[in-house]
Amino acid sequence: MKIKRKIPVSVRVVKDAVATSLTGFTVLVIIAMIVSILGITIAGGWKSLTWEFLTQYPKDGMTRGGIFPAIFGTALMTLIMTIAAVPFGVITAVYLAEYATEKSVFAKTIRFAVKTLAVVPSIIFGLFGLGFFIKFMGTNIDNAFFGGELRWGQPNILWASLTMALLTLPVVIVAVEEAIRTIPRDMREASMALGATKWQTIRNVVLPGSMTGILTGTILAISRGAGEVAPILFTGAAYYVAELPVSLNQQFMSLGYHIYIMSTQSTNVDETLPLQFATTLVLLLLTFSLSLIAVILRYRIRKKAIHSS
Amino acid sequence: MKQEDYDTDKKEFKSGTGLSLSIVEKQFRFSDWFAEKLIKSVSFFSIAFVILIFLFVFRESLPLFKGKADPEKTEITGDELSHSGDLRPEAYIPGGEVQSGEELSPEVYSPYEEAPETEVLQPETYGDVIPETYSAEEQTGYFSASDAYYVTDEEVDDPVRTLFSKDWQPVSDNPRYGLLPLFVGTLKVTLLAILFAAPLAIMAALYTAMFAPRRMKEIIKPVIELLAGFPSVVIGFFALMVLASFFQQIFGYASRLNAFVGAIAMGLAAIPIIYTLTEDALTAVPKTYVEASLGLGASIRQTAFSVILPAATPGIFAAVILGLGRVFGETMIALMATGNAALISANPFDSVRTLSATIGAEMAEVVFGDTHYSVLFLIGSLLFIFTFALNAVAEFYFKNKVIRRIQGK
């Protein structure tokens, strides 16, 4: 048997160093890109980011003034979205974590469906919102209750929020299921041994224990929903509204849509550039701080799980 | 199974007297039974949603296949559109008849817009390249002409047949809905984006999983995951305002917004997905593999490239495929950074128009129930089917392969 010639140690050391530094360099490149997005947005927008900018209406054909209606619209939309998505998400997560057995075909199908919802392009949700909520539900509601008068069969904040709720459903499900699974088996068994039924255990032990997880899921969903634009492009977002939406069948302004419209379709893109950067900064700070909170919460859940097991 | 016991259920639990033989017998409890059924049926909705999404997106594209003349549809169109108060300055019908554009103006979505806003009909124009096909005259002609008129016009091609042509000219007297340039554009951008994102993300994941010290790992992972929280409209804005000019200075190409700029921006969106999933795949490789390799005297580098990487290959493939799915369906970045000109070319520095961007740009301006409207929904159905298939392949084929490989079967 021929023994392979031994590679000198020095070559190996060099190769090791090259591999480590090359892969380490890619990490640096990615982090540099993240920092440059943040840095350039902050540099371009912080001067225009005043209290007036946050609290005033747009003025002079959007060239001056603030973005208050867009902030309000985004907040209201994410609120309705949360109310719709979180209960659904929590219940589905409870089913997947507590009731579903390993081999259940039904549970496997749900898992696959949730994953599919997570990867379907956001624009498809927009199309669905248009085809289902507006054209199907809205038109039928109008015909049934308002004698065909156009009230719900047009884009509005309710349909946009429900569309967004569908989009953020998988985010909630995944986060809550993960949190439920970190609750130690002992606690469930202790509850059962005291005579509690499965549902009583879930209600009194599992759900209170996974409150942090539900909060994480909610925050992640809000962060996602606040930033997405494609689903609301034609389900409710408006270029400009003269007054804030007071009824659910009104259109609304949203931060993301505002950025898109201002940077691509406004007539004086260069003139409003600082305002666009400031709007982007507001949106970025919003989603960024929300995901930061979620990351910290998640870290704490995992830490707790490690300590208790 | 004593159904009358259900109302005492709660009291027994609270007082503790329920710990009698009745528990051992596992009696029927209505509240438990009801809760389980309710939870189960609510969870069913996630399956229902996926089916509903496909059905309703596909439903709106059906008129394409049913045949064209659908008088009911035309009527609905006129009815819906009469609610928009927009003004369109001139109306031009191929036949020569002049008609007020008020009724049929497409801006249904923006009742609050003022008249000047109607000029902003083409999102394409913010790029430097303005496609020739979108002249103002053609636009007004298209939008003001009634549906029925078009159908009876003998010069107009059958819309279904034009789906396979090479021109995407939905806004013209003779609308052509060739999907080929859109497919080519999407493919070009997707390929470029993955070529940019996949190596970066996989190398970074390798570093975090194998080489990085523990402390650094705990910083790097959340930081890259934060990138996943960046809204795509922010990345699109960054590409439009910063990257486009930056790359133009380096490469000196003609059109500022093009496939390359869009691909880099979309790569940024795909990096966190590929990174996270690859990292998961790498750490899922059993510790014994690493220990065996290190025990034989291999360095960490040799272990990483000869043991861990091969073992995790199917998982990494799945990660890249899911990244591909993300790029393929990405709308806002495509809308803002790719230039939106439906050209067929191999040059990465030409403007392109992707499938999803086409939907995003044109849906708001289209006449409800029109052929163009149906074609956009058809594109949506195709996008859905494609991402669904990608997800299924990643989920079933590659995940099973990972499990089999790690179990050594």
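Colleague: Please provide a residue-by-residue account of the overall build of chain B, values included.
Modeller: The helix and strand tally for chain B stands at 17 helices and two strands. A separation threshold of at least 6 residues defines the contact pool for chain B, and within that pool the share at least 24 residues apart is 74%.

Colleague: Please provide a residue-by-residue account of the overall build of chain A, values included.
Modeller: A tally of helices and strands in chain A yields 11 helices and two strands. Each helix (α) and strand (β) of chain A, taken in turn from the N terminus, gives the series α-α-β-β-α-α-α-α-α-α-α-α-α. Whereas a compact globule of 309 residues would reach a radius of gyration of roughly 19 Å, chain A reaches 25 Å, over 25% beyond that. On the principal axes, the C-alpha backbone points of chain A span a range of 85 × 60 × 40 Å.

Colleague: Quick rundown of the confidence of the model for chain B? Include the residues and the values.
Modeller: Residue and element names in this part refer to chain B. Across chain B, pLDDT averages 76, with 70% of residues at or above 70. Below a pLDDT of 50 lies the segment residues 1-23, which in the model reaches 23 contacts outside its immediate sequence neighbourhood of four places, other chains included. With pLDDT under 50 throughout, residues 69-154 is counted as low confidence; its partners more than four residues away or in other chains account for 143 contacts. Scoring of the predicted complex yields 0.80 for pTM and 0.90 for ipTM.

Colleague: How would you sum up the environment of F132 of chain A? Please name residues and give values.
Modeller: One can find F132 of chain A in helix α5 (residues 122-145). In this structure the C-alpha to C-alpha distance between F132 of chain A and T163 of chain A, which are 31 residues apart in sequence, comes to 9.6 Å. Setting aside residues up to four positions removed in sequence, F132 of chain A forms contacts with M137 of chain A together with L52 and F56 of chain B.

Colleague: Could you give an account of the packing of α5 of chain A against helix α6 (residues 157-181) of chain A, naming the residues involved and the relevant values?
Modeller: Residue and element names in this part refer to chain A. Packing of α5 against α6 leaves a shortest axis separation of 9 Å and a crossing angle of 135 degrees. The angle between α5 and α6 places the two elements in the oblique class. Considering only the axes of α5 and α6, their crossing is right-handed. On α6, the residues that touch S122, F125, G126, F128, G129, F133, I134 and G138 of α5 are W159, A160, L162, T163, L166 and L167.

Colleague: Tell me what's going on with helix α16 (residues 355-362) of chain B, and back it up with residues and numbers.
Modeller: Counting buried positions over the eight residues of α16 of chain B gives eight, a clear majority of the element. The complete set of buried residues in α16 of chain B reads L355, S356, A357, T358, I359, G360, A361 and E362 of chain B.

Colleague: Just give me the short version of the interface of chain B and chain A, but keep the residues and values in it.
Modeller: Contact with chain B, which involves 80 residues of that partner, is made by 78 residues of chain A. Examining the composition of the side of chain B that touches chain A, we find that 18 residues originate from one element, helix α3 (residues 30-59) of chain B, more than from any other. Partitioning the side of chain B that touches chain A into residue classes produces 52 nonpolar, 17 polar and 11 charged.

Colleague: Account for the domain arrangement of chain A, naming residues and giving values.
Modeller: Residues and elements named next belong to chain A. Considered domain by domain, chain A is made up of domain 1 (1-45) and domain 2 (51-308). Of note, the centres of domain 1 and domain 2, computed from C-alpha atoms alone, are 37 Å apart. Taken together, the four residues of domain 1 in the interface contact six residues of domain 2. Looking at the side of domain 1 that touches domain 2, its residues break down into one nonpolar, three polar and no charged.

Colleague: So what's going on with helix α3 (residues 68-99) of chain A? Residues and values would help.
Modeller: Taking 1.5 Å per residue as the helical rise, α3 of chain A with its 32 residues ought to reach 46 Å, and the 45 Å between its terminal C-alpha atoms agrees with that figure. Its axis deflected by about 30 degrees at T82 of chain A, α3 of chain A carries its strongest bend there.

Colleague: Lay out the packing of helix α4 (residues 105-119) of chain A against α3 of chain B in plain terms, naming residues and giving numbers.
Modeller: At a closest axis distance of 8 Å, the pairing of α4 of chain A and α3 of chain B adopts a crossing angle of 50 degrees. Taken as axis vectors, α4 of chain A and α3 of chain B run oblique relative to one another. Both α4 of chain A and α3 of chain B take part in a crossing whose hand is left-handed. Of the residues in α3 of chain B, those in contact with T109, I110, A113, V114, T116 and L117 of chain A of α4 of chain A are S43, S46, I47, F49 and V50 of chain B. Residues belonging to the contact of α4 of chain A with α3 of chain B are distributed by class as follows: seven nonpolar, four polar and no charged.

Colleague: Please set out unusual backbone geometry residue by residue, giving values where relevant.
Modeller: One non-glycine residue with positive phi stands out, namely N340 of chain B, at about 55 degrees. Tracing the backbone through its elements, the reader meets N340 of chain B in the loop between α15 (332-337) and α16.

Colleague: Hey, could you go over the environment of V320 of chain B for me, with residue numbers and the actual values?
Modeller: All names here are of chain B. The topology assignment puts V320 in helix α14 (residues 300-329). Taking C-alpha positions, V320 is 21 Å from M332, a pair spaced 12 residues apart along the chain. Setting aside residues up to four positions removed in sequence, V320 forms contacts with I194, A198 and I274.

Colleague: Report on the environment of G380 of chain B, specifying residues and quantitative values.
Modeller: By the secondary structure assignment, G380 of chain B is in helix α17 (residues 371-407). Its 30 C-beta neighbours within 10 Å are what place G380 of chain B among the buried residues. Considering only alpha carbons, one finds G380 of chain B and P181 of chain B, 199 residues apart in sequence, at a separation of 16 Å. Beyond its immediate chain neighbours, meaning those up to four positions away, G380 of chain B contacts I124 and L127 of chain A together with V57 and I359 of chain B.

What counts as what
- Residues numbered from 1 in each chain as written.
- Chains lettered and ligands numbered in written order.
- Predicted model: local features only at pLDDT ≥ 70, side-chain atom pairs only at ≥ 80, totals over all residues.
- Helix = DSSP H or I, 4+ residues; strand = E, 2+ residues; numbered from the N terminus.
- Contact = placed C-beta atoms within 7 Å.
- Rg over C-alpha atoms; globule rule 2.2 N^0.38 Å.
- pLDDT = per-residue confidence, 0-100.
- Axes fitted to C-alpha atoms, helices over the stretch in contact; angles between N-to-C directions.
- Parallel < 35°, antiparallel > 145°, perpendicular 65-115°, else oblique.
- Left-handed = near helix turned anticlockwise from the far one by under 90°.
- Buried ≥ 20, exposed ≤ 12 C-beta atoms within 10 Å, placed from the backbone.
- Nonpolar A, V, L, I, M, F, W, Y, C, P; charged D, E, K, R; others polar.
- Domains from an automatic or database assignment.
- Expected span 1.5 Å × (residues − 1).
- Bend = angle between axes of the 7 residues up to and from the residue.

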